Amino acid sequence: ITQQAEIEVWDCRCAAKDGQLKTANQQIETLQAQLQEMMHKWNESQLSLEATERHYNNIKNEFKQASDDCRHLRDALSLAEESKKELVKACSNMIRMNEE
């Protein structure tokens, strides 16, 4: 093989490698764009998840407050019923004393 032919072979090989490199670079750029889009969607999902968790915690706290309020109302009702019994007892005693 003459030196000129050898140079031409190397030129062809370099051109082929250059084409492969360009193709690989294009594929890398495409994959990077896809990765960025996936990261963007993942970040949006994380924000949505955090908002949902905050909403859930708010509802949970409201439910706990409502539950506490109900317990306080039940306690107050029990006290009112006891007071009513005491009043009925006192009224019965007063009626009995008046009858005597």
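Above this text you will find the structure in question.
What you see is a predicted model, and the numbers here were worked out from it, not measured in a lab. (Residues numbered from 1 in each chain as written. Predicted model: local features only at pLDDT ≥ 70, side-chain atom pairs only at ≥ 80, totals over all residues. Heavy atoms only, no water.)

### Details of the overall build of the protein chain
For the protein chain, the count of helices and strands is one helix and zero strands. Compactness check: the protein chain gives a C-alpha radius of gyration of 43 Å against a globular reference of 13 Å for 100 residues, more than 25% above the reference. Viewed in the frame of its principal axes, the protein chain has a C-alpha envelope of about 145 × 15 × 5 Å. The 100 residues of the protein chain split such that 1% are buried. (Helix = DSSP H or I, 4+ residues; strand = E, 2+ residues; numbered from the N terminus. Rg over C-alpha atoms; globule rule 2.2 N^0.38 Å. Buried < 20%, exposed > 50% of the residue type's maximum accessible area, 1.4 Å probe, protein only.)

### Quick word on the packing of aromatic side chains
Working definition: an aromatic ring pair is given by the centre-to-centre distance plus the angle between the planes. Under the definition given, this model contains zero aromatic pairs. The aromatic ring of Trp10 is capped on one face by Arg13, whose charged end is 5.1 Å from the ring centroid. (Phe/Tyr/Trp six-rings, centres within 6.5 Å; stacked < 30°, edge-to-face > 60°. Lys NZ or Arg CZ within 6 Å of the ring centre and 35° of its normal.)

### Notes on the state of the cysteines
One pass over the structure, following the stated rule, counts zero disulfides. Note on Cys14: no disulfide assigned, nearest cysteine sulfur contributed by Cys12 at a separation of 9.4 Å. Classification of Cys14 by relative accessible area gives partly exposed; the value is 48%. (Disulfide = S-S within 2.5 Å.)

### Remarks on the pattern of salt bridges
The final tally for this structure, using the stated rule, is four salt bridges. A salt bridge links Asp18 to Lys22; the nearest nitrogen and oxygen atoms lie 3.5 Å apart. Taken together, the residues span about one helical turn, with Asp18 and Lys22 both in helix α1 (residues 3-99) at a distance of four residues. According to the relative accessible area criterion, Asp18 is partly exposed, its value standing at 36%. According to the relative accessible area criterion, Lys22 is exposed, its value standing at 51%. For the salt bridge of Lys64 with Asp68, the shortest nitrogen-to-oxygen distance reads 3.2 Å. (Salt bridge = Lys/Arg side-chain N within 4 Å of Asp/Glu carboxyl O.)

### Concerning the environment of Cys12
Summarising the element assignment, Cys12 is placed in helix α1. Distance in space between the C-alpha atoms of Cys12 and Gln46 is 50 Å, their sequence separation being 34 residues.

### Side note on the side chain of Asp68
Tracing the backbone shows Asp68 in helix α1. Looking at Asp68, its side chain comes within polar contact range of the side chain of Arg71, at 3.1 Å. (Polar contact = N/O pair within 3.5 Å; in protein donor to acceptor, adjacent residues only side chain to side chain.)

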